[in-house]
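Chain by chain, the residues:
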Amino acid sequence: MYELVFWRYQEGTYLNHQEVYENLVEEEQPVEGLEELPTTLIINRINSLFSKWERVDENSWKNNSGPGAFHIRTTPQSIKIDCYGTEGKTMDLFVDMMEEFKCPLYDPQVPERYDGNE
């Protein structure tokens, strides 16, 4: 499994990315300084991007014509996508799509946030 995590800071706010990740994902606590995300809109966008994939349930998709599956978990401030056997170019689609919502990728495996403010 490979995790992709997205959130958006409020204007002028810069926090420790790993601490934000732990609060959002591990403890599911709201983080002061983060924007609320239009999660329904984002899920709808993902659903249309992956319309050829089988939607297994409300938050899970699988690719019937190749490798890969993913599961999405949302909080009001974050989107976490767990990728299972998903190709890199597919994961890039998530990164590009979330850029539309001004939510850069946080990669907890590295750990690094790709927001240009490093």
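Anything mentioned here points back to the structure above.
Let us look at the structure shown here. (Residues numbered from 1 in each chain as written. Predicted model: local features only at pLDDT ≥ 70, side-chain atom pairs only at ≥ 80, totals over all residues. Heavy atoms only, no water.)

## Details of a nonpolar patch on the surface
Step number 1: On the surface, Tyr 2, Val 110 and Tyr 114 cluster together into a nonpolar patch covering about 260 Å² of accessible area.
Step number 2: Locating Tyr 114 in the fold gives a position in the segment after strand S7 (112-113). (Patch = residues over 30% accessible without salt bridge, like charges linked within 9 Å, V, L, I, M, F, W, Y side chains within 5 Å. Areas by Shrake-Rupley, 256 points an atom, 1.4 Å probe, with all protein chains shown as cover. Salt bridge = Lys/Arg side-chain N within 4 Å of Asp/Glu carboxyl O. Helix = DSSP H or I, 4+ residues; strand = E, 2+ residues; numbered from the N terminus.)

## A closer look at unusual backbone geometry
Step number 1: A cis amide bond links Val 110 with the next residue in sequence, Pro 111, at an omega value of -20°.
Step number 2: Within the secondary structure layout, Pro 111 lies in the loop between strand S6 (105-107) and S7.
Step number 3: Unusually for a residue other than glycine, Glu 28 sits at a positive phi of about 50°.
Step number 4: You can see Glu 28 is positioned in the loop between helix H1 (17-26) and helix H2 (39-49).

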